[in-house]
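Residues per chain are reported as follows:
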Amino acid sequence: MSKRLDVLKTYKIYINGQFVRSESGHYLTLTNKSGEQLANICRSTRKDFRQAMVAARGAQGGWSGKTAYNRGQILYRMAEILEGRRAQFIHELSLEGASAKKAEAEVDAAIDRLVYFAGWCDKYQQIFSSVNPVQSAHFNFSTPEPTGVVSIIAEEKSSLIGLVSMIAPVIAGGNTCVVLAGQRNAMSACSFTEVIHSSDVPSGVINVLTGLKSELISHMSSHMDINAIFYTDSDTDSKKLIQENASLNIKRVVFEETDDWMDERHENPYIILDFQEIKTTWHPVSV
Amino acid sequence: MARTKTDQPKLNFDGLWDYDPAPESSDAISIKDQYDLFIGGEFVAPSKEGRYFDTINPSTEERIASVAEATTQDVDIAVKSARKAYDKYWSKLTGKDRAKYIFRIARLIQERAREFAIIESMDGGKPIRESRDVDIPLVAAHFFYNAGWADKLQYAFPGRQPKPLGVAGQIIPWNFPLLMLAWKIAPALAGGNTVVLKPAETTPLTALKFAELIQDADLPPGVVNIVTGAGATGSALVNHPDVNKVAFTGSTNVGRIIQKSLAGTDKKYTLELGGKAANIIFEDAAIDQAVEGIVNGIFFNQGHVCCAGSRLLVQEGVADEVYRKLTDRIETLVVGDPLDKNTDIGAINSKAQLDRISTFIEKGIAEGGEVHQSSCSVPDKGYWCKPTLFKNVSQSHSIVQNEIFGPVLAIQTFRTPAEAVEKANNTPYGLSGGVWTDKGSKIFKITSKLRAGVIWANTFNKFDPTSPFGGYKESGVGREGGLHGLLPYIKL
C-alpha cells in the first residue's frame, strides 16, 4: 500500500466571516528555521484592509448590541473550540519554531485567556460604572460603551497567545476589529480564524489579515473610520507613525509593551477599559 | 372660550421688560497693573527676550492689565520648578496631607468667591450671574471633591496601587477660565502630580489671582506654576521633554496638533475638544421646559461652550410651536454689560472670536439658511452678538457641521427617532447631546444611541465635580471630573 499523499492547507485571510485570498493575488512564503517552505500566505493590501474595515464597521452595532451575557458565551465558545483543536495548534506552533513544550503551554494559555476575558464580558461595566452624587436634583450615572472599530497590529514575534491577548479584551468590550497577524506566526493566526468562524462570532467582528507590516501599518493607523489602534511594537519609528496618524481623527492609541504575553499581568479589566468610552447621562429627579 | 393653536396669546414686550441697571460693583477687587509669571511659588519676570501683553475687557475694549508672555526658557524654568517640587515635596507628602492642602484651596476660593466672579466677568465677558452662580461655586466644589480622593485612590482603582505620573503640563481655554483651571489642577494634585498651567491669552487674570491664593494656602513652592502666553508658550509646554502628562482643553484642530506632536513620546494625554451637540425635541416633550433647555443649551455663556446645544433637532409635529416659542423667548434675553445682574448674554470673548462668529453667520445666510435674530439693542463699545437662530439648514451646511462657539443655533426637523439619532450622530464630534421627551423608555433608548460623552435628558448644560465629562470621536480623549477623571493623572 502506498503512503498516503498529504492534503496541504491553503492559508487564507478572514474578512467578514469569509476565508478569502488577498484581492491582489500576491503572496508571501513562510519558511521554518532551516529554510524549508511551510506555506504560502496572503500578502494583504490596502484594499483588503478597507474591505475588512467596512465589515468591522458593519458588524459593530450588532456586536455591541448583543447582551453582555451572550458576548461572554461566544468568547467562552471560542475557548471551547480552541481546546478541541489543541493538537492542531500545538503542531502548527511547532512548525513555526516553538518547542513542543512551549507550544503546548502557549495553546493552554491562549485557551485560558479566552476563558478569562469571557468572564469579564458582563462584569467590567459594573466595575467601571458609577452613580454620581451631583449637587442638583438629577440622577446622574456613567457607563462604559465600546469605542468602535479597532485596528490591532500584532507584534512580529507575537504568537497565538499574543494574538488572543490583543483580540479578547477588544471584543469582550463590544468593539469590532481588523487584525494584522504577526508574519512569522501567520499559519497559527490563520488557523485561529477557523476557531473564530466556528464559535458563533458574528461575521465582521474579527477580521484577520496577513502580510507585511511595513505595507499596512500606515493604512491601519490613518483610516478615518477607525476609532482606536492597539499595538505592541516598541520600535520607535512605528510608534511615532501610528501616533501621528492617530491624530488625523483623534483615534485612541493603546500601546501594550511586553516581552511575555503569557504573563498574568495581561489579564486585567483595565485593558478592556482602554477601548471604552465613558458616557454620562443626566436625568432630572422630579414629579 | 377654547383657544385654537393659531389663536394663542402673543407675548408683548413693549416697554414692560426694561430693567434698571444693576451693576455689580468692582470697587472691592484688586488687579495689579502688570503680572509676572508664577514659578516656584514666586511671581517672576519673564526671561530676557520675554515681553508683556495686554488683557482687555471685551465689554469695553479697555485694557485691564498687562501680563507676561512666557518664553520657551520660562516654560523650562517652570517645568524644572514643578519637577523639583514633585521630587522634593509633593511626592513625599502623605495622601492625607495632600488632601488637606487641596481642601484649603477650596475654602480660600469660597472666601474670595465674589472677587473671582467679578474678575472673571471683566476679563472674559461672561454675565456675573453665571460667573457668580455657576463658575466659581463649581471651582470650589471641584477642589473640595478632588481633595478627598488624595488619600483614597486605592479604592478608585480596584486591584491596583495607583501612582502619580509626575509633572503635568496643562493648557486651558478662555470660555470658563477658572473652572477649567480647577478641572485641570484639582485632579492632578489629588493624584500626586505637580503642574505647570497655561491659561488662555485673553483670560489670564483669574489664574494669576489663583496663584496669589496658592501663596496664601502655603502650598510648597513649585507644586503649582502658572505661565501666561499664547500658542508658542503652550507649544513649549507640550513639547517639554520633562513633562509626563499633557492635558488640553480647546479646539479640535489644536488638539490634533498636540496629539501629533506627542507622537513618539511616552507622555500621557487627555484632550477635551470641540463639539456640535444636538438637542433633540420629541413631540411628547414638555415644550415650555424644552424651550428653556434650548435657550440654556445655546445661549449659556454666549454659546462659548464646547458642549453647547448648537444644533436643534425638532420633531415635525411641534416644530412650528417650538420655533414660535423660541423666537418669543429670545426677545426677553438681555444682552449687555457682563457685570449687570440682569444680563443674560454678556460680551463675546474677543474681537477674533466675534469675527469668527460673524463669518459663520454670513456663511449660513449665503448657503441659504433663514436667519432670525433677537431685536435687542447692544452697547456701542465692546464685542456683541445677538441671539441668532437659523432655519432651513441641512446636514451639509457649514453652520450645522462646524463648531461656531457663539450664540448661533441651527434648527433642523426630523420625523422618526431613527432619523433624529442619525442626524445627531452625523458629525465628527461626539461631546454632548440633549433629549427631550416625557417618555422614560424613549429617553433611555435615544440616550444609549447617541455617540457622545455627556447626555442631558430633559435638561442641558449641567455640570458637577462628581460627574465625568469628555468626548467620543473627535471631541477628545479621556474624561475630566468624577472618579473617571482621576485616571488620566494616575499610573496604574
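From a predicted model like this one, the values you see are computed outputs, not experimental measurements.

Caption draft 1: How the structure looks around the interface of chain B and chain A. Tallying the contact residues gives 49 residues for chain B and 39 residues for chain A. Carbon and sulfur atoms make up 54% of the area that chain B and chain A hide from each other, which totals about 3,300 Å². Looking at the side of chain B facing chain A, the largest losses of area belong to Gln259, Tyr472 and His484 of chain B, adding up to 15% of the total buried there. For the salt bridge of glutamate 145 of chain A with arginine 451 of chain B, the shortest nitrogen-to-oxygen distance reads 3.9 Å. Class assignment of the residues belonging to the side of chain B that touches chain A gives a composition of 23 nonpolar, 15 polar and 11 charged. Pairing between strand E12 (residues 276-284) of chain A and strand E18 (residues 454-457) of chain B: 3 bridges, direction parallel. Bridging from a neighbouring strand, tryptophan 282 of chain A pairs with tryptophan 456 of chain B of E18 of chain B.

Caption draft 2: Layout of the environment of phenylalanine 414 of chain B. All names here are of chain B. One can find phenylalanine 414 in strand E16 (residues 408-414). Judged by relative accessible area, which is 0%, phenylalanine 414 ranks as buried. Sequence separation between phenylalanine 414 and isoleucine 105 is 309 residues; the distance between their C-alpha atoms is 48 Å. Residues within four places of phenylalanine 414 in sequence aside, it is in contact with Ile280, Ile281, Phe282, Leu313, Val314, Gln315, Glu316, Glu419 and Ala420.

Caption draft 3: Expanded view of empty space enclosed by the protein. Residue and element names in this part refer to chain B. Tallied over the entire structure, the rule returns 6 cavities of 30 Å³ or more. Lining the largest cavity are 16 residues, and of these Arg311, Ala424, Ser432, Arg451 and Ala452 sit closest to its centre. Elements represented by at least two residues in the lining of the largest cavity include exactly helix H14 (417-425) and strand E17 (432-436). Taken together, the residues of the lining of the largest cavity break down into 7 nonpolar, 6 polar and 3 charged.

Caption draft 4: Inspection of the packing of helix H4 (residues 128-147) of chain B against helix H6 (residues 177-190) of chain B at higher detail. Residue and element names in this part refer to chain B. The N-to-C vectors of H4 and H6 enclose an angle of 5°; their axes lie 9 Å apart at closest approach. Comparing the axis directions of H4 and H6 gives the class roughly parallel. On H6, the residues that touch Asp135, Ile136, Leu138, Val139, His142, Phe143 and Asn146 of H4 are Leu178, Leu179, Leu181, Ala182, Trp183, Ile185, Ala186, Pro187 and Ala190. Across the contact of H4 with H6, the residue classes break down as 13 nonpolar, 2 polar and 1 charged.

Caption draft 5: Focus on the pattern of salt bridges. Here the structure, examined in full by the defined rule, presents 42 salt bridges over all chains. A salt bridge links glutamate 244 of chain A to lysine 240 of chain A; the nearest nitrogen and oxygen atoms lie 3.3 Å apart. Of this pair, glutamate 244 of chain A and lysine 240 of chain A are both found in helix H9 (residues 236-246), 4 residues apart, which corresponds to roughly one turn of the helix. Overall, glutamate 244 of chain A belongs to the partly exposed group, its relative accessible area being 25%. Three or more residues joined by partner-sharing salt bridges are found here, namely Arg112, Glu115, Lys209, Glu212 and Asp216 of chain B.

Caption draft 6: Expanded view of helix H3 (residues 86-95) of chain A. Residues and elements named next belong to chain A. Buried within H3 we find Phe89, Ile90, Glu92 and Leu93. Taken end-on, H3 shows its buried residues confined to a sector of 165°, consistent with a single buried face. At its buried positions, H3 is contacted by helix H2 (68-84), helix H4 (100-120), helix H6 (160-172) and helix H7 (186-197). Taken from the residues just after H3, glycine 97 is the one with a positive phi, measuring 125°.

Caption draft 7: Focus on the packing of aromatic side chains. Residue and element names in this part refer to chain B. In the structure shown here, the tally under the stated rule is 22 aromatic pairs over all chains. Between phenylalanine 463 and phenylalanine 469 the ring centres are 6.1 Å apart and the planes differ by 50°, which places this aromatic pair in the tilted class. Classification of phenylalanine 463 by relative accessible area gives buried; the value is 17%. The class for phenylalanine 469 is buried, based on a relative accessible area of 5%. By the ring-pair criterion, three or more aromatic residues cluster together here, those being Phe176, Trp183, Phe300, Trp456, Phe460, Phe463 and Phe469.

Calculation notes
- Residues numbered from 1 in each chain as written.
- Chains lettered and ligands numbered in written order.
- Predicted model: local features only at pLDDT ≥ 70, side-chain atom pairs only at ≥ 80, totals over all residues.
- Heavy atoms only, no water.
- Contact = heavy atoms within 4.5 Å.
- Buried area = accessible area lost by both parts, 1.4 Å probe.
- Salt bridge = Lys/Arg side-chain N within 4 Å of Asp/Glu carboxyl O.
- Nonpolar A, V, L, I, M, F, W, Y, C, P; charged D, E, K, R; others polar.
- Pairing = 2+ DSSP bridges.
- Helix = DSSP H or I, 4+ residues; strand = E, 2+ residues; numbered from the N terminus.
- Buried < 20%, exposed > 50% of the residue type's maximum accessible area, 1.4 Å probe, protein only.
- 1 Å grid on protein atoms, 1.4 Å probe; cavity = no way out; pocket = protein on both sides within 12 Å on 5 of 7 lines; lining within 4 Å.
- Points joined across faces, edges and corners; volume = space filled by probe spheres on them.
- Axes fitted to C-alpha atoms, helices over the stretch in contact; angles between N-to-C directions.
- Parallel < 35°, antiparallel > 145°, perpendicular 65-115°, else oblique.
- Arc of directions from axis to C-beta.
- Phe/Tyr/Trp six-rings, centres within 6.5 Å; stacked < 30°, edge-to-face > 60°.

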